[in-house]
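An overview of the molecular structure
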Amino acid sequence: LKEMPIFQNLSDEHLLLISKGFSINKVKEGKFIFYQSEESTDLYIILDGAVKACLLDPEGKELILNIFKKGDFFGELSLLDGKPRSATVIALKDSVVGILKREQFLTLLKNNPMIAISLLSALVERIRMTDEMLGAMAFLDVSRRILKYILNIAQKEGEKTEEGYIKINKITHRELASCTGASREAVTKALKILKFKGIIFEKNGHFFISPDIEI
Ligand code: CMP
């Protein structure tokens, strides 16, 4: 638990207390951890693996709000306001999650301002990312949204090549569509344009992006 950013500043005594009320669950890739509108209020912490929080429409179209990885938590909205889940959460790979009950976490919050501060900074970061996504959807066409998404990943995980490009693992059309609110057809068309303009090229399962592109 000590390695989890949200619990970093807790005393051993508090960590022991949490570990007692903490249940651990294994979830298989593709499994739904909970659904949007579901009445549940536990907090989840990812001990291993990765999950996506998304909105699904009745036809199965998906908008990914965020991807959470080891050390991240999710489910904080229902935990804090007691209302139904705001989104569906699905495991992206085999994962292990720790689950904390609402009452237990609220007691912890009351006694530990540092946890409240960690929680607030994560919430603030999530609002900033949501604002950015909203802005992109309102003001950018699909190819720019896709380019922005790819550039964000390149900034976080990219590797510079000798030729001065940034190399990242290829992103599937499905992920690009789900993360940018575009249809798959629109993604295919937009990628064609980006490649035609020489902004992106693809080789051996990787994307290569020129670093000086402006959106
Ligand atoms: P909760 O509403 O309890 O369940 C769904 C979870 O998805 C939510 O808590 C957050 O943890 C996460 N979530 C919902 N909306 C966003 C968002 N805009 N950005 C990041 N995470 C979100």
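Structure: see above.
We now turn to the structure provided with this report. (Residues numbered from 1 in each chain as written. Predicted model: local features only at pLDDT ≥ 70, side-chain atom pairs only at ≥ 80, totals over all residues. Heavy atoms only, no water.)

**Thoughts on the pairing of strand β7 (residues 88–91)**
Here β7 shows no split at all, with Thr88 and Ile90 on one side and Val89 and Ala91 on the other all buried. Taken together, the two bridges between strand β2 (residues 32–34) and β7 define a ladder with antiparallel strand orientation. Bridge pairing in β7 places Phe34 opposite Val89. Taken together, the four bridges between strand β4 (residues 50–56) and β7 define a ladder with antiparallel strand orientation. Its bridge partner lying in β7, Ala53 is registered against Val89. (Buried < 20%, exposed > 50% of the residue type's maximum accessible area, 1.4 Å probe, protein only. Helix = DSSP H or I, 4+ residues; strand = E, 2+ residues; numbered from the N terminus. Pairing = 2+ DSSP bridges.)

**Topic: the packing of helix α5 (residues 142–157) against helix α7 (residues 184–196)**
Contact pair α5 / α7: the axes reach a minimum separation of 9 Å and the direction vectors enclose 75°. As judged from the angle between their axes, α5 and α7 are roughly perpendicular. When α5 is examined against α7, the residues Val142, Ser143, Ile146, Leu147 and Ile150 are found in contact with a partner set consisting of Ala186, Val187, Ala190, Leu191 and Leu194. (Axes fitted to C-alpha atoms, helices over the stretch in contact; angles between N-to-C directions. Parallel < 35°, antiparallel > 145°, perpendicular 65-115°, else oblique. Contact = heavy atoms within 4.5 Å.)

**Some details on helix α4 (residues 113–139)**
In a regular helix each residue adds 1.5 Å, so 27 residues correspond to 39 Å; α4 covers 39 Å between its end C-alpha atoms and thus fits that length. Residues of α4 that are buried: Ile115, Leu119, Ala122, Leu123, Arg126, Met133 and Ala136. Buried positions along α4 lie against β5 (62–69), β6 (73–74), α2 (76–81), α3 (102–111), α5 and α6 (173–180). (Expected span 1.5 Å × (residues − 1).)

**Details of the site of the ligand**
The full set close to the ligand counts 15 residues, and Gly75, Glu76, Ser78, Arg85 and Ser86 are the nearest of them. Here Leu77 contributes a backbone N or O atom positioned 3.4 Å from an oxygen atom of the ligand. Here Ser78 contributes a backbone N or O atom positioned 2.9 Å from an oxygen atom of the ligand. Comparing atom positions with the cavity grids shows the ligand to sit within the second largest pocket. Listed by contribution, the elements that provide at least two residues to the shell around the ligand are β5, α2 and α4. (Near = heavy atom within 4 Å. Polar contact = N/O pair within 3.5 Å; in protein donor to acceptor, adjacent residues only side chain to side chain. 1 Å grid on protein atoms, 1.4 Å probe; cavity = no way out; pocket = protein on both sides within 12 Å on 5 of 7 lines; lining within 4 Å. Sits in = over half its atoms within 2 Å of the grid points.)

**Quick word on the sheet that holds β7**
Within a sheet, each strand pairs with its neighbour through backbone hydrogen bonds, oriented either parallel or antiparallel. A sheet is described by the order of its strands in space; here four strands give the open sequence β2-β7-β4-β5, paired in antiparallel fashion. Single-partner strands in this sheet number two, and they are β2 and β5. Taken over all neighbouring pairs, the strand axes of this sheet differ in orientation by 30° on average, direction set aside.

**Re the layout of surface pockets**
By volume, the largest pocket is sized at about 1500 Å³. Taken together, 46 residues form the lining of the largest pocket, with Asn66, Ile67, Tyr149, Ile153 and Lys156 sitting closest to its centre. At the level of secondary structure, the elements contributing two or more residues to the lining of the largest pocket comprise β4, β5, α4, α5, β10 (166–169) and α6. Looking at the lining of the largest pocket element by element, the count peaks at ten residues for α4. In terms of residue class, the lining of the largest pocket is built from 19 nonpolar, nine polar and 18 charged. The volume enclosed by the second largest pocket comes to roughly 410 Å³. In terms of lining, the second largest pocket is formed by 19 residues, of which the most central are Leu65, Glu76, Leu77, Ser86 and Arg126. Elements represented by at least two residues in the lining of the second largest pocket include exactly β5, α2 and α4. In terms of residues, the lining of the second largest pocket owes the most to one element, α4, which gives five residues. When grouped by side-chain class, the residues that make up the lining of the second largest pocket number eleven nonpolar, five polar and three charged. (Points joined across faces, edges and corners; volume = space filled by probe spheres on them. Nonpolar A, V, L, I, M, F, W, Y, C, P; charged D, E, K, R; others polar.)

**Structural notes on the packing of α4 against α5**
For the pair α4 and α5, the least separation of the axes is 10 Å and the interaxial angle reads 150°. Accordingly, the angle class assigned to the pair α4 and α5 is roughly antiparallel. Counted together, Glu132, Ala136 and Met137 of α4 and Arg145, Lys148 and Asn152 of α5 form the full contact between these two elements. Within the contact of α4 with α5, the residues separate by chemical class into two nonpolar, one polar and three charged.

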